[in-house]
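# Descriptive structure summary
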Amino acid sequence: MTLRPSEISRQHQTEAYFLDGVIPQAQKIECWIEKAADMLAIRTEAKTLYWKLDDVRAVPDQGGKDLLVLRTTSEPLPRVLLTDPSYIKHLPKARKTPPVTKRGKLVAWSFAALTSVAIIIFGLVPLMANQLAGFIPPEGEQALGDVTLTQIREALTDEAAPISFCTDTDGTRALQRMQDRLVEAQALETPLRVHVLDHEMINAFALPGGHIVFFRGLIDKAETPEEIAAVFAHEIGHVASRDPTRHALRSAGSIGVLGLLFGDFAGGALVLLLTEQLIEAQYSQGAEAAADSFAYDMLLQAEISPAALGTMFERFLELGGETDGITAHFMSHPALGDRIEKARHAEPAGFQAQPILTPKEWRDLQSICGDSHERRGKSLKN
């Protein structure tokens, strides 16, 4: 508000309505432009107010969109409502964006807000996820895995029905034989629930509740059953360490925070992003190293060469995984070459490996999704 100018040149007088920002009731007023003083005069029943013309701005009409709604940059709440939208031609800066004031303070607050979000996502959420994972009962963890697996199957298909599980009897029997051989000398707290999804993606991952999921594409690209067994053992290592549960809680928490900030807190985008996060689970370097070490021990006890894990990593590199995003779960760290070397050196001198499957069982496993697909893997001959 300003004082009444001493020199008045009244122009463009009209009737309007005024909201003072305090009482939720519009007052009928008269307003005009005092040209000599460059003021918009607003005469209410109690007094006459003056807004500098340079400070008058038009704001969107949120009602019927047939009014010209004015405000002043000097006060955020009062509004003048005119029934004649053409009146804006008398207000030279009504369409101009208000200048940003206290820019330095705004930048400081924005930086503080971003820092707070980063602390929550990268510090508080992982800490809480790690602690909460220890309190989730087995049935709760299993339910989390069940729901997540359903979401993944639905998200990976363009059809009405989710992608199917591969359940060929002979192939399932061969996969079970591989599992029995791997876990024979292990005491796993979480029972394994192993699935093969009929999808060309070259990947495998673990979910909460003991779920281990292979994609058909991974089995197609493997050249020996030992390569599948090595990936199997790696994923069992994640299950044994409960990495999928911590990762799911961490991803859901982080995405939830972002959803609160940017909208779509419980919408489709959140589900799809969480699904992608779980399929391409990029665990910490420590968790990956621990799963590799677990796999080496498991493979040795099952009389399988740990070098098979390195061979599978090399196969991912040959398939262009690092550049095209294939098998992102295994390509999540730049030191993949080191992991290949460690796998090669994990086999002790004089170690005698034993085949994990017979040639027929390996063919059965490769055909676990049936013979209707064009097979891209190499089958062993009799």
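Our subject in this report is the structure included herewith. (Residues numbered from 1 in each chain as written. Predicted model: local features only at pLDDT ≥ 70, side-chain atom pairs only at ≥ 80, totals over all residues. Heavy atoms only, no water.)

### Notes on the pattern of salt bridges
A complete count under the given rule lists 16 salt bridges for this structure. Between lysine 28 and glutamate 15 there is a salt bridge; the shortest N-O distance is 3.6 Å. Here lysine 28, found in strand S2 (residues 27–34), pairs with glutamate 15, found in strand S1 (residues 10–19); they are 13 residues apart in sequence, far enough to count as distant. Residue aspartate 198 is joined to arginine 216 by a salt bridge in which the shortest nitrogen-to-oxygen separation is 2.5 Å. Here aspartate 198 is found in the loop between strand S8 (193–197) and strand S9 (204–207), whereas its partner arginine 216 is found in helix H4 (residues 216–221), with 18 residues between them in sequence. (Salt bridge = Lys/Arg side-chain N within 4 Å of Asp/Glu carboxyl O. Helix = DSSP H or I, 4+ residues; strand = E, 2+ residues; numbered from the N terminus.)

### Thoughts on the sheet that holds S8
The strand order across the open sheet formed by 3 strands is S8-S10-S9, and the pairing between neighbours is mixed. Only two strands of the sheet have a single neighbouring strand rather than two, namely S8 and S9. Averaged over all adjacent pairs, the angle separating strand axes in this sheet is 20°, with direction ignored. (Pairing = 2+ DSSP bridges. Axes fitted to C-alpha atoms, helices over the stretch in contact; angles between N-to-C directions.)

### Focus: the nonpolar core
Counting 44 residues, the largest nonpolar core has Met178, Leu182, Phe214, Leu218, Ile228, Phe232 and Leu365 as the members making the most contacts within it. It is helix H5 (residues 225–240) that contributes the most residues to this core, 8 residues altogether. Non-local contacts of leucine 182, meaning those with residues more than four positions away in its chain, are made with Ala229, Phe232, Ala233, Ile236, Met298, Leu299, Ala302, Ile304 and Ile356. Phe18, Trp51, Leu68 and Tyr87 belong to the second largest nonpolar core, which has 19 residues in total. (Core = buried A, V, L, I, M, F, W, Y, C linked by side-chain atoms within 4.5 Å. Buried < 20%, exposed > 50% of the residue type's maximum accessible area, 1.4 Å probe, protein only. Contact = heavy atoms within 4.5 Å.)

### Overview of the packing of aromatic side chains
All chains considered together, the criterion is met by 2 aromatic pairs. When the ring of phenylalanine 205 is compared with that of phenylalanine 215, the centres are 5.7 Å apart and the planes differ by 50°; the resulting orientation is tilted. Pair noted here: phenylalanine 205 is in strand S9 and phenylalanine 215 is in strand S10 (residues 211–215), with a separation of 10 residues, a long-range link. The same class applies to phenylalanine 205 and to phenylalanine 215, which are both buried. Note on phenylalanine 214 and phenylalanine 232: the rings are 5.2 Å apart at their centroids and 80° apart in plane angle, and the pair reads as edge-to-face. Linking phenylalanine 214 in strand S10 with phenylalanine 232 in helix H5, this pair joins segments that are 18 residues apart in sequence. Just as phenylalanine 214 is buried, phenylalanine 232 falls in that class too. The residue whose ring lies beneath arginine 10 is tryptophan 32, and the NZ or CZ to ring-centre distance is 3.8 Å. (Phe/Tyr/Trp six-rings, centres within 6.5 Å; stacked < 30°, edge-to-face > 60°. Lys NZ or Arg CZ within 6 Å of the ring centre and 35° of its normal.)

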